[in-house]
Amino acid sequence: MLKNILSLIIAATVVVSGTSNLTPATSDTNPSDIVLANANLVSGEFNAAFEFTPAESKNGLQLAVTASGLDMETAYSYHIHAKLVPADGNCTETGGHLDPFKIKETAGTAYKCDKDNAQTTCELGDLAGMFGSMTADADGKFTLNAPESILTFGGDNNILGYSVVIHRPDSTRLACANIDSFTAAPVNPVKKC
Ligand SMILES: *[C@@H]1O[C@H](CO)[C@@H](O)[C@H](O)[C@H]1NC(C)=O
Ligand SMILES: [Cu+2]
C-alpha cells in the first residue's frame, strides 16, 4: 500500500516537473515499457489530471485523479471515449464510450456497471461506473486514488490511443483530452560523440 502511494507520488512529481524523466511513447513503443499515461482536461476554471500507472502486480492499471474548479452542487461522470479529440478540441467528436466487449450494447437499458464484476458488467471506458462519480469537497476539489483495475496498456483491455471526457450532470461534455503515454527515460543516456 505504502509502495503504491509512493509510486503515485513519484509519478505525480514527474509530471509536475514537466515529464523530464519520461519520454513520450510512439506507435513503436512496446506497451509493457509504458510507465505512465495521462490526460489533462481544462475548461475555464475546471482542471483535472488523470494518471494511469501499472499496479504492482502488473495485471492492471491504477488511476489517480485530481480535479479542481468543480461546482459543489454537481456530480460529474467521466469516461474513456472511443475516439481521439480532434485538433479543434471539439469533445463531441470523441464518439461514445470505449466498450470493446459490447457490454452496453448487450445489456441495453439494463446496463449497470458493478465495480466488483467490472470485466463482465462495465464498459471498459466507464470510469465513473467503476470508481464513482466526481463530486467536489468543500474547496471544490476532487481526489481519487483507485486501486488496480481491469484497464491495461495494450492487450484486450487497452486504453492507449483513446481520450478521457468529463460530463456535466446533464451529460453534456465539459472537457476532454487525449491519453498520452510515456516510458521511463534511460537512467544513463549514452552520449553521442
Ligand atoms: C462539434 O462536433 C459536432 C459533431 O460533429 C458538431 O455537430 C458541432 O457543430 C461541433 N461544434 C463546433 C463548435 O464545431
Ligand atoms: Cu463519456
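For the structure, check the block above.
Residues numbered from 1 in each chain as written. Chains lettered and ligands numbered in written order. Predicted model: local features only at pLDDT ≥ 70, side-chain atom pairs only at ≥ 80, totals over all residues. Heavy atoms only, no water.

Below, the discussion takes up the sheet that holds strand E6 (residues 134–135). Taken together, four strands build an open sheet; the order of strands is E6-E5-E8-E9 and the sheet is antiparallel. The two strands at the open ends of the sheet, each matched to only one other strand, are E6 and strand E9 (173–178). Across two bridges, the pairing between strand E5 (residues 75–81) and E6 is antiparallel. The residue of E6 that forms the bridge with Tyr76 is Met134. (Pairing = 2+ DSSP bridges. Helix = DSSP H or I, 4+ residues; strand = E, 2+ residues; numbered from the N terminus.)

This brings us to the coordination of the copper ion (ligand 2). Protein-derived coordination of the copper ion (ligand 2) comes from His79 (ND1), His81 (NE2) and His167 (NE2), at a distance range of 1.9 to 2.0 Å. Coordination of the copper ion (ligand 2) draws on donor residues from a single chain, spaced H-x1-H-x85-H in sequence. Of this pair, His79 sits in strand E5 while His167 sits in strand E8 (residues 163–167), placing them 88 residues apart in sequence. The pair formed by His79 and His167 is uniform in burial state, with each residue classed as buried. (Donors = N, O, S within 2.8 Å, 3.2 Å for Na, K, Ca; no water. Buried < 20%, exposed > 50% of the residue type's maximum accessible area, 1.4 Å probe, protein only.)

A complete count under the given rule lists one salt bridge for this structure. For Lys115, the salt bridge is made with Asp116, and the minimal N-O distance between the two is 3.8 Å. A relative accessible area of 61% places Asp116 in the exposed class. (Salt bridge = Lys/Arg side-chain N within 4 Å of Asp/Glu carboxyl O.)

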